[in-house]
Amino acid sequence: MKMTKIVPIALIFSYAISMMPGCGSPQQQVELSWPPPPDQAHIKFIEILKDEDYFPRPLWQRIFGGLLGADPAKRLAKPYGVVADATGAVYVTDTILGAVVVFDKTEQKIRTIGDSGQGRLAVPSGITANDSLLFVSDSKQRRVYVYTFSGELKRIMGNDTLFVTPAGICMDETMTKVYVVDSGKHCIHIFSIDGTYLSSFGHRGSDDGAFNFPTNICIRNGKIYIMDTMNFRVQVFDSTGIFISKFGSIGNRPGFFARPKGIAVDSNGNIYVSDAGFENFQIFNEQGQVLMYVGSAGINTGEFGLPAGIFIDRKDRLYVVEQSNSRVQVFQCLH
């Protein structure tokens, strides 16, 4: 008679525990900062956002989660844009999931927005927020979707006639206007907070005030900073869209750009640019002079895989999205 080998359930649990992240031998927490000691640190690593293991879970959930596999809706696949609200919740657009993945630190869980119903997203890219609403650009559906933080659809902005490829998006500092980068149309569209179209500025070209496939945008201290990606430069405008200055060009060393994507500005006016070609982010002063760079290609902490959108909150925490590493690394900007 052929005997069936029975594996004790305890061995299954033991194996599952050994395969779970953070189980087995304790992981050593290494403090990382840039530049490294003994120089004074200006950037400090805080944490990584990737999947549901970010939040503590009961042991039985971790065991069966390891056996059955993670819920794909509770882990990042190909993230692009990021924003954080005043409660510390982090909202990440994911172009493969077709949703906004929320790391909800109040509820201690991951949830999603825009993956069902009338407000269903297709290819979400840019994301911004005010005190109560999320604004998400969808490059495939050529719309901006507006949700409450809980995920209720409030309105839809734009149409096929206005948009070609809406990408980066941000609010002005008065929280009364929304600025949307249209990468395919090589311009910036401006809306009122209620969704009324106001105006646009820019056209395709390489002269001052023109764009060549711009991707992302940031507004700080009354200035608009736009990542003019295929012109390999940052352009700076006043609040009405009047050109002020520019910096950057294509190159293969610090201070130049290869595949620039995200842009953000800290409270000191320093400008941060993520670059998917260099696999890092660079920091520039207000005059466009490079101060330092952080990172290189890789999967370890402080390394990057196709960095894309970046965001700096009011506490100078820096969020850097990585598309190929499927995660967001969080840093603290020190002064």
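Residues numbered from 1 in each chain as written. Predicted model: local features only at pLDDT ≥ 70, side-chain atom pairs only at ≥ 80, totals over all residues. Heavy atoms only, no water.

Undergrad: Is there a simple way to think about the pattern of salt bridges in this case?
TA: Side chains carrying opposite charge are able to pair once their charged atoms draw close together. Evaluation of the coordinates by the stated rule reveals eight salt bridges. Residue arginine 111 pairs with aspartate 104 through a salt bridge whose shortest N-O separation is 2.9 Å. Each member of the pair, arginine 111 together with aspartate 104, is buried. With a closest N to O distance of 2.8 Å, arginine 233 and aspartate 228 form a salt bridge. Like arginine 233, the residue aspartate 228 is buried in the burial classification. (Salt bridge = Lys/Arg side-chain N within 4 Å of Asp/Glu carboxyl O. Buried < 20%, exposed > 50% of the residue type's maximum accessible area, 1.4 Å probe, protein only.)

Undergrad: Explain the pairing of strand 12 (residues 177–182) to me, please; I cannot follow it from the model alone.
TA: Consecutive side chains along a regular strand alternate between the two faces of the sheet. Of all six residues in strand 12, five are buried; the element is thus mostly enclosed. The pairing of strand 11 (residues 166–171) with strand 12 spans four bridges and is classified as antiparallel. Looking at the pairing, proline 166 lines up with aspartate 182 of strand 12. Turn length for the strand 11-strand 12 hairpin, with the two strands adjacent in sequence and antiparallel, is five residues, and the turn residue methionine 175 shows positive phi of about 60°. (Helix = DSSP H or I, 4+ residues; strand = E, 2+ residues; numbered from the N terminus. Pairing = 2+ DSSP bridges.)

Undergrad: So what exactly am I meant to see when it comes to the nonpolar core here?
TA: Across soluble globular proteins, nonpolar side chains have a tendency to be buried as a group. Within the largest apolar cluster, 16 residues are counted, with the highest numbers of intra-cluster contacts made by Trp34, Ile43, Tyr272, Phe281, Leu318, Val320 and Phe331. Of all elements in the fold, only strand 2 (43–49), strand 21 (280–284), strand 22 (290–294), strand 23 (307–312), strand 24 (317–322) and strand 25 (327–333) reach the threshold of two or more residues within this core. (Core = buried A, V, L, I, M, F, W, Y, C linked by side-chain atoms within 4.5 Å.)

Undergrad: For this particular structure, what's the right way to read the sheet that holds strand 6 (residues 109–113)?
TA: Strand pairing in a sheet relies on backbone hydrogen bonds, with the paired strands running either antiparallel or parallel. Taken together, the four strands give an open sheet; going across it, the order is 3-4-5-6, and neighbouring strands pair in antiparallel fashion. Edge positions in the sheet fall to strand 3 (79–84) and strand 6, since each has one partner strand and no second. Within this sheet the neighbouring strands show an average axis-to-axis angle of 25°, counted without direction. When strand 3 meets strand 4 (residues 90–94), the two strands line up antiparallel, connected through four bridges. For alanine 84, the partnering residue across the bridge sits in strand 4 and is valine 90. (Axes fitted to C-alpha atoms, helices over the stretch in contact; angles between N-to-C directions.)

Undergrad: Looking at this structure, how should I read the environment of asparagine 285?
TA: Among the secondary structure elements, asparagine 285 is positioned in the loop between strand 21 and strand 22. For the pair asparagine 285 and valine 265, spaced 20 residues apart in sequence, the C-alpha separation works out to 9.6 Å. Not counting residues up to four positions away in its chain, the partners in contact with asparagine 285 are Asn270, Ile271 and Leu291. In this structure the side chain of asparagine 285 is engaged in a polar contact, spanning 3.0 Å, whose partner is the backbone nitrogen of glutamine 287. Of the polar contacts made by the side chain of asparagine 285, one reaches the side chain of glutamine 289; its length is 2.7 Å. (Contact = heavy atoms within 4.5 Å. Polar contact = N/O pair within 3.5 Å; in protein donor to acceptor, adjacent residues only side chain to side chain.)

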